[in-house]
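Residue-level structure breakdown
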Amino acid sequence: MTANIRNFCIIAHIDHGKSTLADRLLEHTGTVMNRDKKEQMLDDLELEQQRGITIKARAVRMRYKQDGQEYELNLIDTPGHVDFQYEVSRSLACCEGALLLVDAFQGVEAQTVANAFAAMEHELHIVPVINKIDLSMARPEEVAEEMMNALGTDPDDCVRVSAKTGIGVDELLKTIVAKIPAPSGDPDATLQAMVFDSNYDDYRGAITYVRVMQGTVRKGQKIQFIRTGSQHEVVELGQFVPQREPCDTLSAGQVGYLICNIKSLGDVHIGDTVSITGDKHAPALPGYSRPKRMVYCGLFPSDGQDFSELRDALERLAVNDPSFEFEPETSDALGFGFRCGFLGLLHMEIIQQRLENESNIDLVQTAPNVTYEVVNKRGETVTIHKPQDVPDPGDIEEFRQPIVRCNVIVPGDYIGAVMKLCQERRGIQKNQEYLGANRAMLTYDIPLAEVVYDLHDKIKSCTRGYGTLDYEMVGYEPADLCRMDIMVNGNRVDALSIVCNRADADRRGRAVAKKLKAEIERHMFEVAVQAAIGSRVIARETVPAMRKNVTAKCYGGDITRKRKLLQKQKEGKKRMKAIGNVEISQKAFMAVLSDG
Ligand code: GTP
């Protein structure tokens, strides 16, 4: 039975044509009719279409007839971006093969390489595919060679297609059947199914995507998630074709969905194993881990009254995306808001955009920071999600930061510029190799904080958009870091604390102090704006005192006019935050935060 199943995914860089090819495969197998081309089946969130990025893995079943045999082809969609690496790895674990899709003009890009290596680690059979051969600028020979140099694929194995016109798609389907191995697994064995994705349906609750590794799951059965231990009844199961098509059983090798009246997506963990309730013999599948949030920022409504509206909006987002987390945070400077954790920078951008699209709240975002580790004098390792929580210098034994391995693929002319940039960002070069006559891949280990800052934008601008960057976590390494605080008349302004390299602290401290000084209005007394590391002041600016009497102009005559003026001053103050006895407008904080 499994002999006629093929499970595969498509690995591609953004815009190389993954969605278009998926569409064409669905059409050529008769799964869908030739539809409006704009509406692509595999990316269904509106935002994904806007950004053109597949955020969540999905799976579609196709039936394909060849030489009198009918095959079940399951196309599992993988997210293309490094932030979703864990989800990518779970999707790959459900496949026996991967189509490695490369644009015949653009050539191999950084994400292609990262994901292709991940697929090889999972021992998937790789089918190299060169897309867009209809383009007049296509250079399939060179691209096949680049693929060979970067990934070791044989140029003779490359299937050439145009996802747009359909050229080569039939040959590709034949190759999928011929080259990608059928899944193994025994339908009569103990049930073991891998959860590789989930999404939320307002009417049905959580929809769990599974690949059955061993055994068979049936409608009405009681199942349990081995890692979380929760138990549920299978109310419906089936496959996406591409809409939901219920059936009675899913057996070893098959890919499909389960609906079990699960009210919260937080109860479904990607990478978990489904087994039958009470079955003590079913082992959990390997590779399970909880999502790791690497980037944090504070989100505050600029109008404090929007706080509960913001909370509702964040809750709605978290229901659909368990890897996003948030908790209330209070800031002297910005009032009530939330500290939010994301898998990475792109994940953060996506959540922010969704917030903007789905609600009308005007937001202030604090500068993003990464997760640090501090070993204190008592020898305990503390994980730090916000700069304010970094202990005082006297209590720090070791300060560690996350390091990522970056692969940058650039045309030869820009190698020098990218190397300079990576060095400025404290990168350590690990490798450099040529993929083709005029394309090189540079590998650097760089602190994630430097990448988060704006490395991607900088690489794009110094390579005129041709450079691509991808990265993966290497681990935590000790570094000479410190917490820099901003003090106003001796009081710390929590929202402005940052973690930075000691060598950069002076420069950054001076810049922030200067900027804040410019934003603070004069008071009746002198206001000192200082940057400090622990108790050591590294920069100081002073706002001179001024006597201000708003009613002086009124000559004591007209009392109503006087009242009006005082009232106006009071309203202005509502938006002021008090740091000790100094009042600072929220606008001032925003100005300082807005460009780091
Ligand atoms: P993401 O969803 O952003 O990851 O992109 P994708 O890889 O799914 O790319 P998509 O299918 O959206 O295609 C990107 C662009 O390339 C679109 O404008 C397509 O119309 C175009 N395109 C895809 N395949 C071909 C092809 O074979 N030939 C030509 N000329 N254009 C193509």
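Per an unreviewed UniProt entry, the chain goes by the name Elongation factor 4 and belongs to Rubripirellula lacrimiformis. Word for word, the UniProt comment on the chain under Catalytic activity (unreviewed entry) is "GTP + H2O = GDP + phosphate + H(+)".

Thoughts on a nonpolar patch on the surface
A grouping of Phe105, Leu135 and Met137 is seen on the molecular surface, where their side chains present a nonpolar patch of about 250 Å² in accessible area. With respect to the element layout, leucine 135 can be found in the loop between β5 (125-131) and α5 (140-151). Classification of leucine 135 as partly exposed rests on a relative accessible area of 32%.

Details of the packing of aromatic side chains
Considering all chains together, one arrives at nine aromatic pairs under this definition. Measuring from ring centre to ring centre gives 5.9 Å for phenylalanine 324 and phenylalanine 326, while their planes differ by 20 degrees; the resulting arrangement is stacked. When the ring centre of tyrosine 257 is taken as reference, the NZ or CZ atom of arginine 244 above it lies at 5.9 Å.

Comments concerning the environment of alanine 511
Position of alanine 511 among the secondary structure elements: in helix α11 (residues 502-519). For the pair formed by alanine 511 and tyrosine 203, sequence separation is 308 residues and the distance between their alpha carbons is 52 Å.

Focus: the pattern of salt bridges
Enumeration according to the criterion identifies 33 salt bridges in this entry. Measuring nitrogen to oxygen at the nearest pair gives 3.1 Å for the salt bridge that ties arginine 139 to glutamate 146. Side by side, arginine 139 and glutamate 146 carry an identical accessibility label, which is buried. Between glutamate 236 and arginine 204 there is a salt bridge, with the nearest N and O atoms lying 2.9 Å from each other. On the criterion of sequence distance, the pair formed by glutamate 236 in strand β12 (residues 236-240) and arginine 204 in the loop between β7 (192-201) and β8 (205-214) is long-range, its members being 32 residues apart. Of the residues examined, glutamate 236 reaches a relative accessible area of 12% and is grouped as buried. Residue classification places arginine 204 among the partly exposed positions, given a relative accessible area of 27%. Several salt bridges share partner residues, and in doing so they unite Glu109, Arg139, Glu142, Glu146 and Arg439 into one network.

Some points on the sheet that holds strand β6 (residues 159-160)
Adjacent strands of a sheet pair through backbone hydrogen bonds, lying either parallel or antiparallel. Strand order in the open sheet formed by six strands is β2-β3-β1-β4-β5-β6, with mixed pairing between adjacent strands. Bordering the open sheet on either side are β2 (59-66) and β6, each of which pairs with just one other strand. Bridging between β5 and β6 involves two bridges; their strand directions are parallel. Bridging across to β6, isoleucine 130 finds its partner in arginine 160. Relative to strand β1 (residues 5-12), helix α1 (residues 18-28) is tilted by about 155 degrees, and along the sheet it contacts β1, β2, β3 (69-76) and β4 (97-103).

Describing the pairing of strand β32 (residues 536-543)
Note: strand β31 (residues 527-533) against β32, seven bridges, orientation antiparallel. Considered in β32, the bridge of alanine 531 is made with alanine 539. Hairpin connection of β31 to β32: two residues between the antiparallel strands, including glycine 534 at a positive phi of 60 degrees.

Regarding the UniProt feature "binding site: GTP" (unreviewed entry) in the chain
The UniProt record marks Asp15, His16, Gly17, Lys18, Ser19, Thr20, Asn131, Lys132, Ile133 and Asp134 with the feature "binding site: GTP" (unreviewed entry), using the residue numbering of this structure. Of note, aspartate 15 is situated in the loop between β1 and α1. Excluding residues that lie within four positions of it along the chain, aspartate 15 makes contacts with Asp103 and Lys132. Mapped onto the elements of the fold, histidine 16 is located in the loop between β1 and α1. With near-sequence residues (within four places) excluded, histidine 16 lies in contact with Leu101, Val102, Asp103, Gln106, Gly107, Glu109, Asn131 and Lys132.

Thoughts on the nonpolar core
Of all hydrophobic cores here, the largest spans 45 residues; its most connected members are Phe399, Leu448 and Val451. Counting residues per element, this core draws most heavily on strand β24 (residues 396-411), at six residues. Taken domain by domain, the makeup of this core includes at least three residues from each of domain 3 (295-367) and domain 4 (372-478). The residues touching valine 451, leaving out its near neighbours within four places in the chain, are Leu345, Val404, Cys406, Ile446, His456, Leu469 and Tyr471.

With respect to the domain arrangement of the chain
Each assigned domain of the chain is listed here: domain 1 (5-179), domain 2 (192-276), domain 3 (295-367), domain 4 (372-478) and domain 5 (507-594). Centre-to-centre, using C-alpha coordinates, domain 1 lies 30 Å away from domain 4. Summing the contributions of domain 1 and of domain 4, the shared interface buries around 1100 Å²; its carbon and sulfur component is 53%. At the boundary of domain 1 with domain 4, the tally comes to two salt bridges.

As for helix α9 (residues 415-424)
Since the α-helix packs 3.6 residues into each turn, any two residues three or four apart lie on the same face. Of the positions making up α9, those classed as buried are Ile415, Val418, Leu421 and Cys422. Summarising the axial view, the buried residues of α9 lie within an arc of 130 degrees, below the 170-degree limit, and thus occupy one face. Looking at α9, the residues exposed on the side facing more than 90 degrees away from the buried face are Lys420 and Gln423. The positive-phi residue at the C-terminal boundary of α9 is arginine 426, with phi of around 60 degrees.

Some thoughts on helix α4 (residues 110-121)
With twelve residues, α4 should reach 16 Å at 1.5 Å per residue; the first-to-last C-alpha distance of 17 Å fits that figure. Taken together, the buried positions of α4 are Ala110, Gln111, Thr112, Val113, Asn115, Ala116, Ala118 and Ala119. Two residues or fewer after α4 comes glutamate 123, characterised by a positive phi angle close to 60 degrees.

Points about the state of the cysteines
Evaluation of the coordinates by the stated rule reveals zero disulfides. Just so you know, cysteine 247 is unpaired, no disulfide at all, and the nearest cysteine sulfur is the one on cysteine 260, 13 Å from it. Free cysteine: cysteine 406, not disulfide-bonded; nearest cysteine sulfur from cysteine 422 at 6.7 Å.

Overview of the sheet that holds β8
A sheet is described by the order of its strands in space; here eight strands give the open sequence β11-β10-β16-β7-β8-β15-β12-β13, paired in antiparallel fashion. The strands lining the two open edges of the sheet, one partner per strand, are β11 (231-233) and β13 (244-247). With strand direction ignored, the average angle separating the axes of adjacent strands in the sheet is 40 degrees.

Here's the deal with the packing of helix α7 (residues 307-320) against helix α8 (residues 345-358)
Running from N to C, α7 and α8 point in directions that differ by 125 degrees, and their axes come no closer than 11 Å. With respect to α8, the axis of α7 lies oblique. Remark: the crossing between α7 and α8 carries right-handed chirality. Where α7 approaches α8, its residues Leu310, Ala313, Leu314, Arg316 and Leu317 are matched on the opposing element by Ile351, Arg354, Leu355 and Glu358. Residues of the contact of α7 with α8, tallied by class, amount to six nonpolar, no polar and three charged.

What counts, and where the lines are drawn
- Residues numbered from 1 in each chain as written.
- Predicted model: local features only at pLDDT ≥ 70, side-chain atom pairs only at ≥ 80, totals over all residues.
- Heavy atoms only, no water.
- UniProt positions renumbered as here; feature names shortened; annotations may be inferred.
- Patch = residues over 30% accessible without salt bridge, like charges linked within 9 Å, V, L, I, M, F, W, Y side chains within 5 Å.
- Areas by Shrake-Rupley, 256 points an atom, 1.4 Å probe, with all protein chains shown as cover.
- Salt bridge = Lys/Arg side-chain N within 4 Å of Asp/Glu carboxyl O.
- Helix = DSSP H or I, 4+ residues; strand = E, 2+ residues; numbered from the N terminus.
- Buried < 20%, exposed > 50% of the residue type's maximum accessible area, 1.4 Å probe, protein only.
- Phe/Tyr/Trp six-rings, centres within 6.5 Å; stacked < 30°, edge-to-face > 60°.
- Lys NZ or Arg CZ within 6 Å of the ring centre and 35° of its normal.
- Pairing = 2+ DSSP bridges.
- Contact = heavy atoms within 4.5 Å.
- Axes fitted to C-alpha atoms, helices over the stretch in contact; angles between N-to-C directions.
- Core = buried A, V, L, I, M, F, W, Y, C linked by side-chain atoms within 4.5 Å.
- Domains from an automatic or database assignment.
- Buried area = accessible area lost by both parts, 1.4 Å probe.
- Arc of directions from axis to C-beta.
- Expected span 1.5 Å × (residues − 1).
- Disulfide = S-S within 2.5 Å.
- Parallel < 35°, antiparallel > 145°, perpendicular 65-115°, else oblique.
- Left-handed = near helix turned anticlockwise from the far one by under 90°.
- Nonpolar A, V, L, I, M, F, W, Y, C, P; charged D, E, K, R; others polar.

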